[in-house]
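# An overview of the molecular structure
Residue-level listing of the chains:
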Amino acid sequence: MLQFDTIAGLRQQLRSIRSTQSIGLVPTMGALHEGHATLLETARQENEVVVSSVFVNPVQFNNADDLARYPRTLEADYNLLDAAGCDLVFVPSVSEMYADSPLLQLNFGALETTMEGAFRPGHFNGVGIVVAKLFNIIQPDRAYFGQKDLQQVAVIRRLTKDLSFPVELIRCPTVREADGLAMSSRNRNLTATERTQATLLFRALTQAHKMLTGGHTTAQTKNAIKALFESYPAFTLEYVEIANADTLQPADEILAPGQTAICLAAHLGKVRLIDNLVF
Ligand code: PAF
């Protein structure tokens, strides 16, 4: 696996590759886990060359503590990338990616007025800027994102369309621990007790799914999930939403198969967890 820390070096390496081989990109912020390995393995199957990036993008953090606490495990990341068949990894510094703080402001309209966008102002502006930069630098044929960040996928899909990037986006299913907890880099920041408690998110999603398919309304379902979280004082529920999985707009009934998303975000200690279930 070749490692690059400059935009010029990576561009130079990819120039000749691009004319004859397909490129799959797996953008990451490091602290890699089995979920990332699955994205890399899917990219490996569908492309001749797999490129990944490891960059904790400061522009997408609206909270300095969250940025400071974000886990950084670069040596282990290299091992996972190598084992998963990554060919080239891009690990730029902040000054390499942002010689100047970007002046560009991206506004994703209704896609970012709910859920993550509403609770993390500026987050999708930062995600959009860094993903657009990576698409420009790497010019992949395909890019792979996890379903756990469902709203991120919708925003990047729209970014790709609006800016005519010739990139096919692939949404890969969320990878879960045996007890249902969605894999996330932030799980590393949970204490042992919190790690056990964290299964509440998946249990809540399962309960909401059962209620909706059992004939309860979206309002009844959301209220039951709010009550469930209130009975666990270790948690502060930020939102529970039932939405269209593509537009992220609130849905007041079950939509066509594969279109309804139940989405949650909650704080547990110092860790903010999100999860969703699409059916
Ligand atoms: O999902 C992530 O890890 C990040 O938001 C991404 C897409 C790598 C952009 O920094």
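This text gives an overview of the structure that appears in the document. All of these numbers come straight from a predicted model, not from anything done at the bench.

Quick notes on the rules
- Residues numbered from 1 in each chain as written.
- Predicted model: local features only at pLDDT ≥ 70, side-chain atom pairs only at ≥ 80, totals over all residues.
- Heavy atoms only, no water.
- Pairing = 2+ DSSP bridges.
- Helix = DSSP H or I, 4+ residues; strand = E, 2+ residues; numbered from the N terminus.
- Right-handed = clockwise from strand over helix to strand, strands pointing away.
- Expected span 1.5 Å × (residues − 1).
- Near = heavy atom within 4 Å.
- Polar contact = N/O pair within 3.5 Å; in protein donor to acceptor, adjacent residues only side chain to side chain.
- Areas by Shrake-Rupley, 256 points an atom, 1.4 Å probe, with all protein chains shown as cover.
- Axes fitted to C-alpha atoms, helices over the stretch in contact; angles between N-to-C directions.
- Parallel < 35°, antiparallel > 145°, perpendicular 65-115°, else oblique.
- Left-handed = near helix turned anticlockwise from the far one by under 90°.
- Contact = heavy atoms within 4.5 Å.
- Nonpolar A, V, L, I, M, F, W, Y, C, P; charged D, E, K, R; others polar.
- Phe/Tyr/Trp six-rings, centres within 6.5 Å; stacked < 30°, edge-to-face > 60°.
- Buried < 20%, exposed > 50% of the residue type's maximum accessible area, 1.4 Å probe, protein only.

### What to know about the pairing of strand S5 (residues 142–146)
- Examined bridge by bridge, strand S2 (residues 23–28) and S5 share two bridges and lie parallel to one another. Bridge assignment links Leu25 to a residue of S5, and that residue is Ala143.
- Of the pairings in the sheet, the one linking S5 to strand S6 (residues 168–172) comprises five bridges and is parallel in character. Bridging from a neighbouring strand, Phe145 pairs with Arg171 of S6.
- Assessed by its sense of winding, the connection that carries the chain from S5 through helix H8 (residues 150–162) to S6 is right-handed.

### Comments concerning helix H7 (residues 123–138)
- Along its 16 residues, H7 runs 22 Å from first to last C-alpha, staying within 8% of the 22 Å computed at 1.5 Å per residue.
- Two residues or fewer past H7, Gln139 is found with a positive phi of approximately 50 degrees.

### A short note on the site of the ligand
- In the vicinity of the ligand, the residues found are Pro27, Thr28, Met29, Asn57, Gln60, Val130, Phe145 and Gln152.
- Between the ligand and the protein, one listed contact pairs an oxygen atom with a side-chain N or O atom of Gln60 at 2.6 Å.
- Take Gln152: an N or O atom from its side chain is 2.7 Å from an oxygen atom of the ligand.
- In isolation the ligand offers 290 Å² of accessible surface; the protein chains occlude 89% of this area.

### Looking at the packing of H7 against H8
- Two elements in contact, H7 and H8, have axes separated by 10 Å at closest approach and are oriented at 55 degrees. Judged by the angle between their axes, H7 and H8 are oblique. In this structure, H7 meets H8 at a crossing whose hand is right-handed. Contacts between H7 and H8 involve Phe124, Val127, Gly128, Val131, Ala132 and Phe135 from the first element and Gln151, Gln152, Val155, Ile156, Leu159 and Thr160 from the second.
- Tallied by class, the residues present in the contact of H7 with H8 amount to eight nonpolar, four polar and no charged.

### Focus: the packing of aromatic side chains
- With the rule as written, the count across this model stands at five aromatic pairs.
- When the centroid spacing of 6.1 Å and the interplanar angle of 45 degrees are considered together, the rings of Phe55 and Tyr98 count as tilted. Separated by 43 residues along the polypeptide, Phe55 in the loop between strand S3 (49–54) and helix H3 (64–69) and Tyr98 in the loop between helix H5 (94–97) and helix H6 (115–119) bring together distant segments of the chain. Neither Phe55 nor Tyr98 differs from the other in exposure class; each is buried.
- Relative to Tyr70, the ring of Phe61 lies with its centre 5.6 Å away and its plane at 80 degrees, an arrangement referred to as edge-to-face. Just as Phe61 is buried, Tyr70 falls in that class too.

### Regarding the sheet that holds S3
- Overall, parallel pairing links the six strands, which are arranged S1-S4-S3-S2-S5-S6 in an open sheet. At either end of the open sheet lies a strand with only one pairing partner, and these are strand S1 (2–4) and S6. The average angle at which neighbouring strand axes cross in this sheet is 25 degrees, direction not considered.
- Where S3 and strand S4 (residues 88–90) come together, three bridges link them in parallel fashion. Within S4, the position partnered with Ser52 by the bridge is Val89.
- Along the sheet, helix H1 (residues 7–20) contacts S1, S2, S3 and S4; its crossing angle with S4, the most-contacted strand, is approximately 150 degrees.

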